[in-house]
Amino acid sequence: KKTVVDQSSMASAWAERAIEIERQPMPNDLARVVNIICNDCEERSSDLSWHFLGVQCPACQSFNTIVENIVNGGPNEPFGSS
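Calculation notes
- Residues numbered from 1 in each chain as written.
- Predicted model: local features only at pLDDT ≥ 70, side-chain atom pairs only at ≥ 80, totals over all residues.
- Heavy atoms only, no water.
- Helix = DSSP H or I, 4+ residues; strand = E, 2+ residues; numbered from the N terminus.
- Buried < 20%, exposed > 50% of the residue type's maximum accessible area, 1.4 Å probe, protein only.
- Contact = heavy atoms within 4.5 Å.
- Areas by Shrake-Rupley, 256 points an atom, 1.4 Å probe, with all protein chains shown as cover.
- Pairing = 2+ DSSP bridges.
- Axes fitted to C-alpha atoms, helices over the stretch in contact; angles between N-to-C directions.
- Polar contact = N/O pair within 3.5 Å; in protein donor to acceptor, adjacent residues only side chain to side chain.

Engineer: How would you summarise the overall build of the protein chain if you had to cite specific residues and measurements?
Structural biologist: When helices and strands are counted, the protein chain shows 1 helix and 3 strands. When the helices and strands of the protein chain are placed in sequence order, the string is α-β-β-β. Residues counted as buried form 32% of the 82 residues belonging to the protein chain. Considering only contacts within the protein chain whose residues lie at least 6 apart along the sequence, 58% involve residues at least 24 apart. Approximately 5500 Å² of the protein chain is accessible, and the part contributed by carbon and sulfur atoms is 51%.

Engineer: Go over unusual backbone geometry, please, and point to the residues and values.
Structural biologist: Despite not being glycine, Glu42 has its phi angle at roughly 65°, a positive value. Within the element layout of this structure, Glu42 appears in the loop between strand E1 (33–38) and strand E2 (44–49). Taking relative accessible area as the criterion, Glu42 reaches 56% and is therefore assigned exposed. A positive phi is found at Gln61, a non-glycine position, where the angle reads about 75°.

Engineer: Account for the sheet that holds E1, with residues named and values stated.
Structural biologist: Sheets are built from strands paired through backbone hydrogen bonds, the pairs being either parallel or antiparallel. In space, the 3 strands of this open sheet follow the order E2-E1-E3, with antiparallel pairing throughout. Both outer strands of the open sheet, E2 and strand E3 (65–72), are each paired with one neighbouring strand and no more. Recorded for the sheet is a direction-independent mean angle of 30° between the axes of neighbouring strands. In this sheet, E3 lies alongside E1 in antiparallel orientation, the contact comprising 6 bridges.

Engineer: Go over the side chain of His51, please, and point to the residues and values.
Structural biologist: If you trace the backbone, His51 turns up in the loop between E2 and E3. Engagement of the side chain of His51 in a polar contact is seen with the backbone nitrogen of Leu53, the distance being 3.0 Å. Not counting chain neighbours up to four residues away, the residues in contact with His51 comprise Ile21, Gln24, Pro25 and Met26.

As structure tokens, this is what we get:
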């Protein structure tokens, strides 16, 4: 579902969310690398760092994203293993 309000009006909220994520790095046991689909611009993006506060779309900066799949990490696979 697309963001209801205009993307330009959400820009400051998304920038604040990005700062919050920078300030709260994920611990190694919860770290994941994921592929996402953005609900706003419909772009797919690969190999992004997952965070419980959200995953930002590199194309439009929105946090209105869905994790398509986990590339690396998870309860049975330590982060960084091959």
